[in-house]
Amino acid sequence: MMASHSAGMPLATERGASQAISRLQGEVALSGIYEVSKILAKPARLETTLSNVLNLLSSYLDMRQGTIMLLDDDDVPEIVVGNCWSEDLSHADAASIPRQALDQIIATAMPLIVENAESHPLFATQLADGSLKHQSFIGVPIKIEDRVVGTISIDRPSGGASSLGFDPDVRFLSMIANLIGQTIHLHRVIARDRQRLLDESRRLEKQLATSAPAKIGKSKADAHGIVGESPQIRAVLDKIAIVAKSNATVLLRGESGTGKELFARAIHELSPRAKGPFVKVNCAALPESVLESELFGHEKGAFTGAVSARQGRFELADGGTIFLDEIGEISPSFQAKLLRVLQEGEFDRVGSTKTQKVKVRVVAATNKDLEQAVTAGTFRADLYYRISVVPLMLPALRERKSDIPALAQSFLTRFNKENGRDLQLTKGALDVLKACYFPGNVRELENCIFRTATLARGPAIEGIDFACGHGECLSSVLWRSKPHAPANRAPATMIPLPVTPSQAAEPDEDHSCACGSPVPGEGDCTTPDVCGTQGTRVSRAQLIDAMERCGWVQAKAARILRLTPRQIGYALKKHNVDVKKF
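It should be emphasised that the depicted structure is a prediction, and the values quoted were computed from it without experimental measurement.

So, the pairing of strand E1 (residues 65-71)
Side-chain direction in a regular strand flips from residue to residue, so the side chains alternate between the two faces of the sheet.
1) Next: Counted residue by residue, E1 has six buried out of seven residues, so it is predominantly covered.
2) Next: Bridge count between E1 and strand E5 (residues 147-157): six bridges; the pairing is antiparallel. Note on E5: the bridge partner recorded for Thr67 is Ser153.
3) Next: Relative to strand E2 (residues 77-82), E1 is paired through five bridges, and the arrangement is antiparallel.

As C-alpha cells, then:
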C-alpha cells in the first residue's frame, strides 16, 4: 500500500506541473492576441501594421524572423512583409521567402511544421546562403471565410523537439492569422467601396459635362426660393436637375449664407423622392449625446428623461431625403456611427439592440475645408469619400453681383407683405448694394434689407438709408478683424460707402470690398515690383488684408492695391503668402 501510494506522488506532481504550464501558455497567448488586436485596430498602412504584428510576435514566440505574405485575387503574391518592413526592403522580403513551403500551405490550407528546414526538400532554394542552418519552420494559412488569402510563418532555432512541442505555437499563430484575415477583409471592403464611389462620382461628373443643360424655368427656381439668373446660379441649377434624378449622396459646399438649405430642398423636390419627407438637421447645433438620439432615436428608459420611445430623424426621413447641415462640425467619435448608417442604411436606436433599416437620400452641407480636416485627422477619410460622391460648390454673392437687385427686391417684397408697407428701392440704393462685398452672402443681404426697411421713413429706400452710409455697418469690421490679420495692425475703422449714383463704384470695376472700405495703412515694401502705381509700397500686412477682404481673388486685390495681376502674383510669392481656396 505504501509503495503504491508513493508511486502515485510523482504522477500527481507531473500532472499538476503540466496543468500549470498549460495555464501559463494560455495566459501568454491571450495577452498576445489582445496586443495584436490593438495593433490591427490602429489606422495605418497595411504593410506597416503587419510588420508591427511580426515585431510583437517576437516577444511571445521563440522566433528568429517572421514573414506575412498576402495574395491578390489571382493568387499571386501581392504583399510580402518581414519584421522590419520598408519600401526599400520590400523586394528583399519577397526574394527571401520559402516559396515552395508557402505554396504547400496555400494549396492544402493546412499548417506546415518543419523541425529541420536544412534537410527538407521544400527549402532547397534557401540552402545555398546557409540562412536555414539549424532552423525550424512553422507556417499557417490566413483565410477569409474558406479561401486562403495569405500565410504567416516564422523560423526559429531548432531545439530537436518533437512535433508535439510545436502545437501551442501553431494554435497561437492560427488565432493571429484569423485576426489578420478579418483585418484584410475589412481593408478590401473599404477599398472596393471607395473605388465604387469614385467611379460613381466620375460617371456623374462625365454625365454632367456631356449632357445638354437642363431647362429649368424661372418659376421652377422661384418655387424653391432660389432667386437669380446669373450664369453661376444657372450652372448649379443645371447640375442639380441631373443629380436629383439619382440617389447619389450630394455634398453642398460654399461659404456661410449661400443658401445651402434651399439648394438641398431643390434636390429633394426635383428627385423621385419628392413625395417623401424632407428632414433637416443642423449637426453643429446639438451636442454629440443629443445628436445621436436626434438622428437615430431612442427607446423608453434609455437615459434620464426618456419617458417614451422616439423615432430618430433617419426613420422620419425613410423614403425621402435628410439634409445634414454643418456636417464638418461633428466629433470624430460620432463620425464612425454616422458612417455605418450612410454605408449600410442601418442603425440602432439608443438603448436598443434591434437594428433599424431605412432608405434615405443624404444631402450634406459644410463651409469647412474637409480636405484639410482629413489631413489634420479631425475628419475621417472614409466618411469624406462617403458624403462627397457628388460635390457641388455654391457661388458666393460677390461672384454673382448681377443677382443682387433681384434678391434685394425679393426680400423687400417679403418685408412689405409681412409688415403692411409699400417700400421701393431706388437706383441709388441698388448701386450701394452692388458696391458692397457681403462676406455674409445672401443672409447678410437679407438682414441688410430688413434692417434698412424697418428704419426707413420715406416711401422709398435711398442709398443714404443704409447703415454703411452713416458709418454704422459692422460687416467691414468683422471681415477685416479675421484672425489671419497681423496682430500689430491698427484697429479697423468704418468708412461710409458712397451713396449717390455718381459716387458709387461700378460693379465691373469692383474697387471696394467689405462695404467699400479702402485698404488702410502704408507699407514697408522695398521691392519696386510690388509697389502701386501711385508709388506707395505694399507690405505683407496690406497684401493679406486686401486678399482677405476680396475672398482671395487676386485680380480684385490687384485693382484695390493698384497693382497689375503680375505684380500681385509676385508680391504673394515674395511675402510667402499661401493663397486660400474656397
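After that view of the structure, there is still more to cover.
Remarks on the nonpolar core
1) Next: Membership of the largest hydrophobic core comes to 32 residues, with the highest contact counts inside it found for Leu57, Ile142, Ile152, Ile176 and Ile180.
2) Next: For this core, the elements supplying multiple residues, two or more each, are helix H1 (2-41), helix H2 (46-57), E1, E2, strand E4 (135-144), E5 and helix H5 (167-210).
3) Next: For this core, the element with the most residues is H5, which contributes seven residues.
4) Next: Not counting residues within four places of it along the chain, the set of residues in contact with Ile142 comprises Ile68, Leu70, Arg147, Val148, Val149, Gly150, Thr151, Ile152, Ala177, Ile180, Gly181 and Ile184.
5) Next: Val281, Phe314, Leu338 and Leu370 belong to the second-largest nonpolar core, a separate cluster that totals 29 residues.

Digging into the pattern of salt bridges
1) Next: Tallying each qualifying case throughout the model produces 27 salt bridges.
2) Next: Put simply, Arg400 and Asp403 hold a salt bridge, and the shortest N to O gap is 3.0 Å.
3) Next: For Arg400, a relative accessible area of 4% translates into the label buried.
4) Next: For Asp403, a relative accessible area of 3% corresponds to the buried category.
5) Next: The network of salt bridges with common partners includes Arg340, Glu346, Asp348 and Lys357.

Considering the packing of aromatic side chains
1) Next: All told, the structure shown has eight aromatic pairs when counted by the stated rule.
2) Next: Arranged with centres 6.5 Å apart and planes meeting at 15°, the rings of Phe278 and Phe323 form a pair that is stacked. Residue Phe278 is found in strand E7 (residues 278-282), and its partner Phe323 is found in strand E10 (residues 321-325); the two are separated by 45 residues along the sequence. For the pair formed by Phe278 and Phe323, the shared burial category is buried.
3) Next: What links up through ring pairs into an aromatic cluster is the set Phe296, Phe314, Phe334 and Phe347.
4) Next: In this structure, Arg194 is placed above the aromatic ring of Tyr385, and the distance from its NZ or CZ to the ring centre is 4.4 Å.

What to know about the side chain of Gln135
1) Next: As for its position among the elements, Gln135 is in strand E4.
2) Next: For Gln135, a relative accessible area of 9% translates into the label buried.
3) Next: For Gln135, the side chain forms a polar contact with the side chain of Arg64, separated by 3.3 Å.
4) Next: Beyond its immediate sequence surroundings of up to four residues, Gln135 is in contact with Arg64, Glu115, Asn116, Ala117, Asp155, Arg156, Pro157 and Ser158.

Focus: the confidence of the model for the protein chain
1) Next: With 76% of its residues at a pLDDT of 70 or more, the protein chain shows a mean pLDDT of 77.
2) Next: Within the protein chain, strand E6 (residues 250-253) carries the highest mean pLDDT (94), whereas helix H6 (residues 218-223) carries the lowest (40).
3) Next: Every residue in residues 1-6 scores below 50 in pLDDT, and together they form zero contacts with partners more than four places removed in sequence or on other chains.
4) Next: Scored below 50 in pLDDT, residues 483-536 shows 113 contacts in the model against residues more than four places distant or in partner chains.

Concerning the sheet that holds E7
1) Next: Spatially, the five strands line up as an open sheet ordered E7-E10-E13-E6-E14, and their pairing is parallel. Each edge of the open sheet carries a strand with a single partner, namely E7 and strand E14 (390-393). Between one strand and the next, the sheet's axes are offset by a mean angle of 20°, whatever the strand orientation.
2) Next: Inspection of the sheet shows E6 paired to strand E13 (residues 361-366) by four bridges, in the parallel sense. When the bridges of E13 are listed, Arg253 appears paired with Thr366.

Conventions adopted
- Residues numbered from 1 in each chain as written.
- Predicted model: local features only at pLDDT ≥ 70, side-chain atom pairs only at ≥ 80, totals over all residues.
- Heavy atoms only, no water.
- Buried < 20%, exposed > 50% of the residue type's maximum accessible area, 1.4 Å probe, protein only.
- Helix = DSSP H or I, 4+ residues; strand = E, 2+ residues; numbered from the N terminus.
- Pairing = 2+ DSSP bridges.
- Core = buried A, V, L, I, M, F, W, Y, C linked by side-chain atoms within 4.5 Å.
- Contact = heavy atoms within 4.5 Å.
- Salt bridge = Lys/Arg side-chain N within 4 Å of Asp/Glu carboxyl O.
- Phe/Tyr/Trp six-rings, centres within 6.5 Å; stacked < 30°, edge-to-face > 60°.
- Lys NZ or Arg CZ within 6 Å of the ring centre and 35° of its normal.
- Polar contact = N/O pair within 3.5 Å; in protein donor to acceptor, adjacent residues only side chain to side chain.
- pLDDT = per-residue confidence, 0-100.
- Axes fitted to C-alpha atoms, helices over the stretch in contact; angles between N-to-C directions.

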